[in-house]
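Structure assessment
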Amino acid sequence: MCLVYELKKTAGGTLMDRKALAVRRVAAVFFMIFFFAFSGLALAEVAGDFSQRLTAAREKVDRVAEYKLKGDPSWEKDLKAVYGELLGLIKENRQSAEAYYLTARCYYYNGSPRKAIKAAKNAIKIDASYVDGLVFIGDMHAEIIKNIIKNDFSTNLEGSIHSDSRDATKVYEMALKVVGLSKEAEANIYLKLGDLNILHESPQRKNAARAFWQKAAETLPEGVAAKSAVERLNKK
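Let me begin by describing the structure that accompanies this report. (Residues numbered from 1 in each chain as written. Predicted model: local features only at pLDDT ≥ 70, side-chain atom pairs only at ≥ 80, totals over all residues. Heavy atoms only, no water.)

Looking now at the packing of aromatic side chains. According to the stated counting rule, one finds six aromatic pairs in the structure shown. Arranged with centres 5.6 Å apart and planes meeting at 70°, the rings of Y83 and Y107 form a pair that is edge-to-face. Within this pair, whereas Y83 is found in helix α3 (residues 74–92), its partner Y107 is found in helix α4 (residues 97–109), the two being separated by 24 residues in sequence. Looking at Y83, the relative accessible area reads 25%, which means it is partly exposed. Aromatic pair Y108 and F136: ring centres 6.4 Å apart, planes at 85°, arrangement edge-to-face. With Y108 in helix α4 and F136 in helix α6 (residues 131–151), the pair connects residues that are 28 residues apart, well separated along the chain. Given a relative accessible area of 8%, F136 falls into the buried group. Taken together through their ring pairs, the aromatic side chains of Y101, Y108, Y109, Y130 and F136 make up a single cluster. (Phe/Tyr/Trp six-rings, centres within 6.5 Å; stacked < 30°, edge-to-face > 60°. Helix = DSSP H or I, 4+ residues; strand = E, 2+ residues; numbered from the N terminus. Buried < 20%, exposed > 50% of the residue type's maximum accessible area, 1.4 Å probe, protein only.)

What follows is the structure, encoded as structure tokens:
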């Protein structure tokens, strides 16, 4: 509006007035170009910094898993530290599916698979094709079933077993439908579906388990999942 006003004001003015206005217009254009370029660089810097911190958090969560598996007691201290970092990252960017997924893994390592499922579902709400999150949710439901069978199985918990089995199957199947899913991931999911079905005692479920293991073996014959599937087929 200011430039339009000044243009009208000087339309009948001297040549010097018109030249001065032209200079101001050019300066304004250069200022806008510089402003947006600088803003873009600043945003890119922020995004890059967030990505680096997220990568570092992922490495720390992996290290927690490794330490816990080895029986190294330092995993608890490291878990608490990285959990705090992840909460900060989520507060900074609530659209980061991976931040929620890593937080879900923290809950799992701390012995809370139900909380882990809840956190991982936040990742899926952000990105419905986030395979790691989908598979993780299925794994947590399977873990809950195993714990029930191992520690406190009773007819009162049978409904929970069927419910968790249904939910695990659902997310595994969702993962299988993700466009661009690698053959390795596909074979691994079929292996997990087989392992899920074998947890049930019915002959029908055992047959389903074998069918899934067979798919795992056929999807990527030279892969790790195929090798595991063949071992299961030969034993059962």
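Our next topic: helix α7 (residues 158–176). The first and last C-alpha atoms of α7 sit 27 Å apart over 19 residues, in line with the 27 Å expected at 1.5 Å per residue. As for α7, its buried residues are in contact with α5 (113–126), α6, α8 (183–198) and α9 (203–219). (Expected span 1.5 Å × (residues − 1). Contact = heavy atoms within 4.5 Å.)

Before going further, it helps to spend a moment on the pattern of salt bridges. Taken as a whole and judged by the stated rule, the model has 12 salt bridges. D139 serves as the salt-bridge partner of K192, at 3.1 Å between the closest nitrogen and oxygen. With a gap of 53 residues between them, K192 in helix α8 and D139 in helix α6 connect regions that are remote in the sequence. Using a relative accessible area of 23% as the deciding quantity, one classes D139 as partly exposed. One salt bridge in this structure joins E186 and K183, with 3.6 Å as the shortest N-O distance. Taken together, the residues span about one helical turn, with E186 and K183 both in helix α8 at a distance of three residues. What makes K183 partly exposed here is its relative accessible area of 47%. Within the structure, one salt-bridge network assembled from shared partners comprises D49, R53 and E92. (Salt bridge = Lys/Arg side-chain N within 4 Å of Asp/Glu carboxyl O.)

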